[in-house]
Amino acid sequence: MLTGLVDGILGGIGIGSVLLLAALGLAIVFGLMGVINMAHGELMMLGAYTTFVVQNVFKSLGGDWLETYILFALPLAFLVAALMGLILERGVVRYLYGRPLETLLATWGVSLILQQFVRSVNWVLVIGLALFCLFFFGGMWLLSRRADWQRLRGWAIALLLPLSLGISAVTGNILSQTYKLVVTKPWFGAQNVDVTAPKWLRSGFSLGSFQVSSVRLFIVALTIFCVVGIYLFLQRSPWGLRIRAVTQNRSMSACLGIPTQKVDALTFALGSGLAGVAGCALSLLGSVGPNTGQNYIVDTFMVVVVGGVGKLVGSIVAAMAIGTLTYLIGSDAFRPLLTAVPPLADFFTFFSSTSMAKVMVFALIVVFLQVRPAGLFPQKGRTVDA
């Protein structure tokens, strides 16, 4: 009886670690800028696909290289997701600050674009995008060096946009006609792909009468590393100090000379990079597909809201609580403890599946937010108090 409960708690800590890793970046972005980034799940997906690509590259090298790919995949997943987050912030989100509904809709649209991009990406699409960026943004950059740039800006866009699109379309058409399936075949497609953990992560070890999975232990250690790293960055670095200052009071920080736009871009990139690391960790637990991020985005938002927006310790407590409770209910760990009370045992048995456990946990969260709408650790500061 007790063995099942402890086993459930250990499994729940593993699920909670994944949730915390996924929610860490969102908590920072949401806490600082108030941006509801619906594309956060797709940034996790990009991290997972980056892991898949790195795995295949190392597999082609042969030998023992495959056993080390995860060590290279983690930083690369962070960089790819951070770069995409930076592009998203500079290209879309920065024009929508203070407009939460438009930001939500825009990032949701970006999430759909990223899902379809992963399904359809091939050499023709990549070369076409590269040519468009080269001619359009390169041309804009060259013309912006002229003294009369502001006068020419409208004309430059009207000329460069169709020209760049035309060159990209014609080049893509020529490549498709010449090389056919070699350049038009999707890299990933709509089906899920599998990431195989290295041998040293496939085993487990015994802890008394319990069996602990090495992969879940690795994810817990990775989560602790990321949490400690983020804490030290926010508390001990100059940019961490600026981020905390902007979180407390953006207007006052700007008056004191803090470059709030740079802080926003850095924060968004940092949060997105953490989503990439979460995606890398998720790829070790199951197959990777275009909808991978969607499976976790709601849980991630729940962690941020229950923990308290922008509070690191709140996210930790909420992730562990939600992960453990969901796992315990879903694995029917409460039923053996409640055999003396049949109605309660039947009640928990009814919710003893993954989907029904989520329903029960979300219902409990709704009730909890009626009592503490600001979460476990509410944000404090002059702006909030006002």
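Reference entry: report on the structure contained in this document. Since we're looking at a predicted model, the values are computed, not measured.

Criteria and thresholds
Residues numbered from 1 in each chain as written. Predicted model: local features only at pLDDT ≥ 70, side-chain atom pairs only at ≥ 80, totals over all residues. Heavy atoms only, no water. Helix = DSSP H or I, 4+ residues; strand = E, 2+ residues; numbered from the N terminus. Rg over C-alpha atoms; globule rule 2.2 N^0.38 Å. Buried < 20%, exposed > 50% of the residue type's maximum accessible area, 1.4 Å probe, protein only. Contact = heavy atoms within 4.5 Å. Areas by Shrake-Rupley, 256 points an atom, 1.4 Å probe, with all protein chains shown as cover. Lys, Arg positive; Asp, Glu negative; His and termini not counted. Charge placed at Lys NZ, Arg CZ, Asp CG, Glu CD. Patch = residues over 30% accessible without salt bridge, like charges linked within 9 Å, V, L, I, M, F, W, Y side chains within 5 Å. Salt bridge = Lys/Arg side-chain N within 4 Å of Asp/Glu carboxyl O. Pairing = 2+ DSSP bridges. Axes fitted to C-alpha atoms, helices over the stretch in contact; angles between N-to-C directions. Parallel < 35°, antiparallel > 145°, perpendicular 65-115°, else oblique. Left-handed = near helix turned anticlockwise from the far one by under 90°. Nonpolar A, V, L, I, M, F, W, Y, C, P; charged D, E, K, R; others polar. Polar contact = N/O pair within 3.5 Å; in protein donor to acceptor, adjacent residues only side chain to side chain.

A few points about the overall build of the protein chain
The secondary structure content of the protein chain amounts to 17 helices and two strands. Relative to its length of 386 residues, the protein chain is compact, with a C-alpha radius of gyration of 24 Å against a globular reference of 21 Å. The proportion of buried residues among the 386 residues of the protein chain is 42%. Taking the intrachain contacts of the protein chain between residues at least 6 apart in sequence as the baseline, contacts between residues at least 24 apart amount to 74%. Of the roughly 20,000 Å² of accessible surface on the protein chain, 70% is carried by carbon and sulfur atoms. Here the protein chain carries 25 positive and 13 negative side-chain charges, and the mean point of each set is 11 Å from the other.

Brief notes about a nonpolar patch on the surface
On the surface, a cluster of nonpolar side chains totalling about 690 Å² of accessible area is made up of V53, V57, L61, W65, L71, F72 and W200. Counting residues per element, the ones that place at least two in the nonpolar patch are α2 (40–61) and α3 (69–91). Top contributing element to the nonpolar patch by residue count: α2, with three residues. Structurally, the position occupied by W200 is in helix α8 (residues 199–202).

So, unusual backbone geometry
Backbone geometry places K180, a non-glycine residue, at a positive phi of 50 degrees. Taking relative accessible area as the criterion, K180 reaches 51% and is therefore assigned exposed.

Some points on the pairing of strand β2 (residues 210–213)
Going residue by residue along β2, you find F210 and V212 tucked away on one face and Q211 and S213 left uncovered on the opposite face. Here strand β1 (residues 204–207) runs beside β2; their pairing, made up of four bridges, is antiparallel. Residue pairing in the sheet places F205 in a bridge with V212 of β2.

Observations concerning the pattern of salt bridges
Charged atoms that come close allow side chains of opposite charge to pair. If you walk through the whole model with that rule in mind, you get five salt bridges. Residue E102 is joined to R99 by a salt bridge in which the shortest nitrogen-to-oxygen separation is 3.9 Å. Using a relative accessible area of 39% as the deciding quantity, one classes R99 as partly exposed. Two residues, D299 and K358, come together in a salt bridge whose shortest N-O distance is 3.1 Å. Note that D299 is positioned in helix α13 (residues 294–307) and K358 in helix α16 (residues 354–371), a separation of 59 residues in sequence.

Let's talk about the packing of α13 against helix α14 (residues 312–330)
Axis separation between α13 and α14 bottoms out at 8 Å; the angle between their running directions is 125 degrees. Judged on the interaxial angle alone, α14 and α13 are oblique. As α13 runs across α14, the sense of the crossing is right-handed. Here M302, V303, V306 and G307 of α13 come into contact with α14, specifically with G314, S315, A318, A319 and I322. Its residues placed into classes, the contact of α13 with α14 shows six nonpolar, three polar and no charged.

Some words on the side chain of H40
Looking at where H40 falls in the secondary structure, it is placed in helix α2. At 2.8 Å, the side chain of H40 and the backbone oxygen of A22 are in polar contact. In this structure H40 touches A22, G25, L26, G271, A275, I297 and T300, once residues within four positions along its chain are discounted.

Things to note about the packing of α13 against α16
Viewed as axis vectors pointing N to C, α13 and α16 meet at an angle of 30 degrees, and their least axial separation amounts to 11 Å. In terms of axis orientation, α13 runs roughly parallel to α16. With respect to the hand of their crossing, α13 and α16 are arranged in left-handed fashion. Only K358, F362, I365, F368 and L369 of α16 make contact with α13, whose side of the interface consists of N295, V298, D299, M302, V305 and V306. Looking at the contact of α13 with α16 residue by residue, the classes come out as eight nonpolar, one polar and two charged.

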